[in-house]
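Chain by chain, the residues run as shown.
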Amino acid sequence: ALGRAGRSSAEVVCDTAAARLGGEEPLSSRRILVVGSGAYSRVICAELALRHVTCVGVWSPSGRRSASIDKYGFTHVTPDTLDAWTSKVDLVICCSGGGEPVLGPDAFTSRSTPVVVMDLSLQPDVDPGVGDLAAVELIGLNSLAEGLDRVGTEAMAEARAVVAEGVERFSSSRRSRQADPVIIRMRGMVREAVAEEVAEMRQRLTPEQAD
């Protein structure tokens, strides 16, 4: 269910992007740059492919080549071609989550046409200054929160239940293992008692009786 929620959140992102871009052109005719090569980037790329978007570039700030490039026939954007993409795209979807901004105002200062930039990372991929540019509409997670929460609430509740059950099983196992040293000592005491009893019998009984 959590996987399906991730898929649904990608639908929300693309629906929001299409609405913000406006105009009569469908999303499939837009030029789109996806930033990142991780799990969420792959979900976004899958949704774009499902919507028949063909002009998609994928850039990974880490330099890793995304599997989506070959799977969907998208373009591998390199540092040398990044400026050419940011100057012409209609939409940028950032989801690399590297922990620090990877796109600043300089990436969009040469633009004369509007561009929508969606930053989906918990730790922003886009410098806040990008939102001050006249040609850029910057959309962060807060703007998408309502739609994303709607599709993910039930799945997250199920996921938390699975995690809680696993934690309880682990804790129960740890608690039972705490008794191991006591059980080992008890077994040792029993073995010693048996050995003493056998030795005493061999002293007062015949070998036949003792056996």
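For the structure, check the block above.
One structure accompanies this document, and this report is about it.

**A short note on the pairing of strand S5 (residues 115–119)**
- Burial runs high along S5: five of the five residues are buried.
- On S5, burial covers both faces: Val 115, Val 117 and Asp 119 on one face and Val 116 and Met 118 on the other are all buried.
- Where S5 meets strand S6 (residues 136–139), four bridges bridge the pair, whose relative direction is parallel. What sits directly across from Val 117, in S6, is Leu 138.

**Observations regarding the side chain of Ser 37**
- By secondary structure assignment, the location of Ser 37 is in the loop between strand S1 (32–35) and helix H2 (39–50).
- Of note is the side chain of Ser 37, whose polar atom sits 3.0 Å from the side chain of Arg 64.
- Dropping the residues within four chain positions of it, Ser 37 is found in contact with Arg 42, Ser 60, Ser 62, Arg 64 and Ser 66.

**With respect to the packing of aromatic side chains**
- For the structure on display, the rule yields one aromatic pair.
- Over the ring of Trp 85 we find Arg 31; its NZ or CZ atom is 4.2 Å from the centre of that ring.

**Comments concerning the pattern of salt bridges**
- With the rule as written, the count across this model stands at nine salt bridges.
- We note a salt bridge from Arg 51 to Asp 15, for which the minimum N-O separation is 2.8 Å. Of this pair, Arg 51 sits in the loop between H2 and strand S2 (56–59) while Asp 15 is found in helix H1 (residues 2–21), placing the two residues 36 residues apart along the sequence.
- Here Arg 51 falls in the partly exposed class, since its relative accessible area comes to 24%.
- Note on Asp 15: relative accessible area 45%, which makes it partly exposed.
- Between Glu 165 and Arg 169 there is a salt bridge; the shortest N-O distance is 3.2 Å. Placement of the pair is Glu 165 and Arg 169 together in helix H5 (residues 141–177), with a separation of four residues, close to one helical turn.

Cut-offs used in this document
- Residues numbered from 1 in each chain as written.
- Predicted model: local features only at pLDDT ≥ 70, side-chain atom pairs only at ≥ 80, totals over all residues.
- Heavy atoms only, no water.
- Buried < 20%, exposed > 50% of the residue type's maximum accessible area, 1.4 Å probe, protein only.
- Helix = DSSP H or I, 4+ residues; strand = E, 2+ residues; numbered from the N terminus.
- Pairing = 2+ DSSP bridges.
- Polar contact = N/O pair within 3.5 Å; in protein donor to acceptor, adjacent residues only side chain to side chain.
- Contact = heavy atoms within 4.5 Å.
- Phe/Tyr/Trp six-rings, centres within 6.5 Å; stacked < 30°, edge-to-face > 60°.
- Lys NZ or Arg CZ within 6 Å of the ring centre and 35° of its normal.
- Salt bridge = Lys/Arg side-chain N within 4 Å of Asp/Glu carboxyl O.

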